[in-house]
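Structural overview for review
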Amino acid sequence: GMSFHVFVFLFWVTCDLAMHRRRERKRERRNEQLASVFGLLKDTVPLTQLPVNIDEDIGLGPVAVVTPEYDGTTCACHAAIQAQFKPSCGEPKTSTREDESDGAAHGGHRLSDLAWVELPPALDPCMGKLSEERTIRKQQQLATTIGYIRYALESIRASSTRPERIVVVDFGAGSGHLGLIVAYLFPDTQVVLLERKEYSIKMAEERIASLGLTNVRTANVDVAEFTDPFHLGISMHSCGLLTDAALDRCHEQQAAFCLVPCCYGQVTVAEDRPKSTPIQACVTVAQFGAVSSAADFTVKAGKWDFLADPNFQIAKTCMVLVDLDRCMAPAFSSYHTCIFTFQPPNCSSKNNVLLGFPSHFHPQTQQR
């Protein structure tokens, strides 16, 4: 009996060691591929020669900007948004109307503040089933994203082609955590919650009714089936290829976008990557797949001090490369696109925000 148990124990240890070695070999192969990719980009197509402006400090402001007219200077979009940023760390601030008075030049709000106490309780993530810690992180994510959306709406309103009513589509809206806040804060907009899951649509419709909102509707269809005209596309952590589908719809409608990507590893199954000419010139499909896979970084519960983790820093670089490839795709050659980071950056490991304008909505164009 004893020898059998010893055999089982030794067998288990052997299998565990074998699995550990396989994981290590897989990680080593991935790191070799990534080192090759980073080296090629540095030596063959330095980022300083791409139409981008890389900000080494991932904790504040823009990470990159992509524009057909990039001249190495800070663009109007960056300058305006940077002016609204006030570095924040730790817990989200509960702002008051007095606090917001110094942001009056930007619609009465600083970019990273959202007065949760002044919103209906049904819009606050704390009313859901999230833990207190996750609620705080979700509040921070929503507050930052709303700040970018606010700027996008102001740019569209200021354009010479301003529509009578701005239509905003929330792609992969779920039960409306982002889209319903937009509808409440900006009653002059018409918001469409686009979601293919019926149970999420039912929850969203119940929330719309309870809030008494009249400027929002639902669309229970797949993104590819949605052909209605709109002016701004938004999303919060749109998984994998959903971000690309949303970008496709925005391009078709020549609409602006404010999207937060997620699940970068799903991009590895796409056969059309890389899309952009500069990255195609030096990165193979297999190498780009390794980049997409490495962009996924999982945070363990309670471990929010990941910014200094070397694995996250690799993932952040990979996220930026995947999103740069999206933004530099030929379809968006006439767009002005910025890649920003959540504030605070550790409220999510998937902390990129893509903000893009077609030429007729571009804030810099309006200044000419």
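Reading guide: rules and limits
Residues numbered from 1 in each chain as written. Predicted model: local features only at pLDDT ≥ 70, side-chain atom pairs only at ≥ 80, totals over all residues. Heavy atoms only, no water. Helix = DSSP H or I, 4+ residues; strand = E, 2+ residues; numbered from the N terminus. Buried < 20%, exposed > 50% of the residue type's maximum accessible area, 1.4 Å probe, protein only. Contact = heavy atoms within 4.5 Å. Areas by Shrake-Rupley, 256 points an atom, 1.4 Å probe, with all protein chains shown as cover. Salt bridge = Lys/Arg side-chain N within 4 Å of Asp/Glu carboxyl O. Expected span 1.5 Å × (residues − 1). Pairing = 2+ DSSP bridges. Polar contact = N/O pair within 3.5 Å; in protein donor to acceptor, adjacent residues only side chain to side chain.

Some points on the overall build of the protein chain
Scanning the protein chain for helices and strands turns up 10 helices and 8 strands. Out of the 368 residues in the protein chain, the part that is buried amounts to 50%. Within the protein chain, contacts between residues at least 6 apart in sequence are counted, and of these 70% link residues at least 24 apart. In the form shown here, the protein chain has an accessible surface area of approximately 17,400 Å², with 55% of it arising from carbon and sulfur atoms.

Details of the side chain of Lys350
Summarising the element assignment, Lys350 is placed in the loop between strand E7 (336-341) and strand E8 (352-357). Here Lys350 is in contact with His237, Val260, Pro261, Cys262, Cys263, Tyr264, Ala295, Asp296, Phe297, Met319 and Phe342, once residues within four sequence places are set aside.

What about the pattern of salt bridges?
Counted by the stated rule, this structure contains 10 salt bridges. Note that Asp222 and Arg196 form a salt bridge whose closest N and O atoms lie 3.3 Å from each other. Placement of Asp222 in the loop between strand E4 (216-219) and strand E5 (232-239) and of Arg196 in the loop between strand E3 (189-194) and helix H5 (198-211) is noted, with a sequence separation of 26 residues between them. Under the relative-accessibility criterion, Asp222 is labelled partly exposed at 29%. Classification of Arg196 by relative accessible area gives exposed; the value is 60%. Between Asp228 and Arg217 there is a salt bridge; the shortest N-O distance is 2.9 Å. Of the two residues, Asp228 is situated in the loop between E4 and E5 and Arg217 in strand E4; the sequence distance between them amounts to 11 residues.

Structural notes on helix H6 (residues 241-253)
With 13 residues, H6 ought to run about 18 Å at 1.5 Å a step, and its terminal C-alpha atoms sit 19 Å apart, in line with that. Every buried residue of H6 is listed here: Thr243, Asp244, Ala246, Leu247, Arg249 and Cys250. Against the buried residues of H6 lie strand E2 (166-171), E5, strand E6 (256-262) and helix H9 (310-327). Gln254 sits one or two positions beyond H6 and adopts a positive phi of about 50 degrees.

Remarks on unusual backbone geometry
In this structure, the amide linkage connecting Arg273 to the following residue, Pro274, adopts the cis form with an omega of -5 degrees. Even without glycine at this site, His237 takes up a positive phi of about 55 degrees. Tracing the sequence through the fold places His237 in strand E5. We note that Gln254 has phi near 50 degrees; this positive angle belongs to a residue other than glycine. In this structure, Gln254 sits in the loop between H6 and E6. Exposure remark for Gln254: the relative accessible area of 27% places this residue in the partly exposed category.

Observations concerning the pairing of E7
Of all 6 residues making up E7, 6 are buried, and the element is well covered by its neighbours. Of the two faces of E7, the one holding His336, Cys338 and Phe340 and the one holding Thr337, Ile339 and Thr341 are both buried throughout. With 6 bridges joining them, E7 and E8 adopt antiparallel strand pairing. Paired with Phe340 across the strands is Val353, a residue of E8.

Quick word on the side chain of Thr341
Tracing the chain through its elements places Thr341 in strand E7. Within the structure, the side chain of Thr341 is placed 3.1 Å from the side chain of Lys316, a separation counted as a polar contact.

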